[in-house]
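Summary of the model geometry
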Amino acid sequence: MLTDSHAHLNAPEFDEDREETIARAREAGVTRIVNIGFNRETIPTSLKLAEAYDFIWTAVGWHPQDAKDMLPEDLDWIEELCKHEKVVAIGEIGLDYYWDTSPKEVQDRVFREQIRLARKVGKPIIIHDRDAHHDVVETLKQEKAAEVGGIMHCFSGSWETAKLCLDMNFYISFGGPVTFKNARQPKEVLAQVPLDRLLLETDSPYLTPHPFRGKRNESAHVRLVAEAAAEIKGLPVEEIARITTENAIRLLGIN
Ligand SMILES: [Zn+2]
Ligand SMILES: [Zn+2]
């Protein structure tokens, strides 16, 4: 009973064997996948995937890396799609200061517009934060994101940052990095996140867990993330799987 709360199975990396990849996830005990569409190209393909499989849902939003391409009509489009029964969140949205492919002020505007939309339609938000912890937290605070809450996806911040996000009704999601030997911080943060706010993800095809690091990631590998989380929390892996799935159901209504 595992949930992959963040995947990109519509990515071209899966064009040759998408069906088999999804079947492998099923066999590995994955009962729920949230796939993410984050720009003009990936929103339709993510929706298509969610429509084709009863255990796949989708979030739709505009990624900070693509912020410079978002037109006013795209925001209207996302709002319209929020009525779709398989659309469970707005995301991924946020700030990315690592790649810096869109100017910071444009990322900031697009992020704020989508938080406001989420509050308008009453959907949780899925946050992408790369090297922008301070500004992400400040923006969430200023835009009253606590009203809808959501997910800090593949969280890479400190425990201090995590606490601020927990206070704003966010769940903290961990992926492949918690399986890496040298990843001290995400393991320390995971150890402290309350069980009822913990989520697991793959971010497939990226962030592949140990021992497959360097290869393409897939949803079946969320089991490896669950095993790492179980070890850190000192709980059986079945317990971690059950709790994180219940958390995803509570937040996103994916049942
Ligand atoms: Zn992301
Ligand atoms: Zn992602």
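Here's a quick rundown of the structure. Please read these numbers as outputs of a predicted model, since none were measured by experiment. (Residues numbered from 1 in each chain as written. Chains lettered and ligands numbered in written order. Predicted model: local features only at pLDDT ≥ 70, side-chain atom pairs only at ≥ 80, totals over all residues. Heavy atoms only, no water.)

What about the layout of surface pockets?
What the largest pocket holds in volume is close to 640 Å³. In this structure, the largest pocket is lined by 26 residues; those nearest its centre are His128, Arg130, His153, Asp203 and Leu207. Among the elements of the structure, strand 4 (87–96), strand 5 (125–130) and helix 7 (184–192) are those that each provide at least two residues to the lining of the largest pocket. It is strand 5 that contributes the most residues to the lining of the largest pocket, three residues altogether. Estimated volume of the second largest pocket: approximately 210 Å³. In terms of lining residues, the second largest pocket is bounded by Val178, Thr179, Lys181, Lys187, His210, Pro211, Leu224, Glu227, Ala228, Glu231 and Ile232. For the lining of the second largest pocket, the leading source of residues is helix 8 (residues 222–233), giving five residues. (1 Å grid on protein atoms, 1.4 Å probe; cavity = no way out; pocket = protein on both sides within 12 Å on 5 of 7 lines; lining within 4 Å. Points joined across faces, edges and corners; volume = space filled by probe spheres on them. Helix = DSSP H or I, 4+ residues; strand = E, 2+ residues; numbered from the N terminus.)

What about the sheet that holds strand 2 (residues 30–37)?
Judged by pairing direction, the sheet is parallel, and its eight strands sit side by side in the order 1-2-3-4-5-6-7-8 without closing on themselves. At either margin of the open sheet sits one strand with a lone partner, and together these are strand 1 (2–7) and strand 8 (198–200). This sheet shows a mean twist of 30° between the axes of neighbouring strands, independent of strand direction. Pairing analysis gives three bridges linking strand 7 (residues 170–174) to strand 8, with the strands arranged parallel. (Pairing = 2+ DSSP bridges. Axes fitted to C-alpha atoms, helices over the stretch in contact; angles between N-to-C directions.)

Some thoughts on helix 8
The end-to-end C-alpha separation of helix 8 is 16 Å, in line with the 16 Å expected for 12 residues at 1.5 Å each. Every buried residue belonging to helix 8 is among Val222, Val225, Ala226, Ala228, Ala229, Ala230 and Lys233, and all of these are buried. Looking at the packing, one finds that the buried side of helix 8 touches strand 1, strand 2, strand 7, helix 7, strand 8 and helix 9 (237–252). (Expected span 1.5 Å × (residues − 1). Buried < 20%, exposed > 50% of the residue type's maximum accessible area, 1.4 Å probe, protein only. Contact = heavy atoms within 4.5 Å.)

Section: empty space enclosed by the protein
Counting across every chain of the model gives one cavity of 30 Å³ or more. If you trace the largest cavity, you find it lined by Ile127, His128, Asp129, His133, Met152, His153, Cys154, Phe155 and Ser156. Ranked by residues supplied to the lining of the largest cavity, first place goes to strand 5 with three residues. For the lining of the largest cavity, a count of residues per class yields four nonpolar, four polar and one charged. (Nonpolar A, V, L, I, M, F, W, Y, C, P; charged D, E, K, R; others polar.)

Quick notes on the coordination of the zinc ion (ligand 2)
Angles at a metal have ideal values that depend on geometry: 109.5 degrees with four tetrahedral donors, 90 or 180 degrees with six octahedral donors. In the first shell of the zinc ion (ligand 2), the protein supplies His6 (NE2), His8 (NE2), Glu92 (OE) and Asp203 (OD), at 2.1 to 2.6 Å from the metal. If you look at the zinc ion (ligand 2), its four donor atoms make angles of 83 to 178° with each other, and the shape they trace is irregular. Between the zinc ion (ligand 2) and the zinc ion (ligand 1), both coordinated by Glu92, there is a metal-metal distance of 3.4 Å. In this pair, His8 is assigned in the loop between strand 1 and helix 1 (18–27) and Glu92 in strand 4, connecting sequence segments 84 residues apart. What makes His8 buried here is its relative accessible area of 2%. (Donors = N, O, S within 2.8 Å, 3.2 Å for Na, K, Ca; no water. Tetrahedral: all angles 85-135°; square planar, octahedral: opposite > 155°, others 65-115°.)

Section: the nonpolar core
Within soluble globular proteins, side chains that are nonpolar generally end up buried alongside one another. Residues Ile125, Ile127, Leu140, Met152, Phe170, Ile172 and Phe174 are the most contacted members of the largest nonpolar core, which totals 66 residues. Those residues in contact with Ile127 that lie beyond four places of it in its chain are Ile93, Phe111, Val136, Leu140, Ile151, Met152, His153 and Phe170. By size, the runner-up hydrophobic cluster in this structure holds 15 residues, among which are Ala59, Ala89, Leu199 and Leu252. (Core = buried A, V, L, I, M, F, W, Y, C linked by side-chain atoms within 4.5 Å.)

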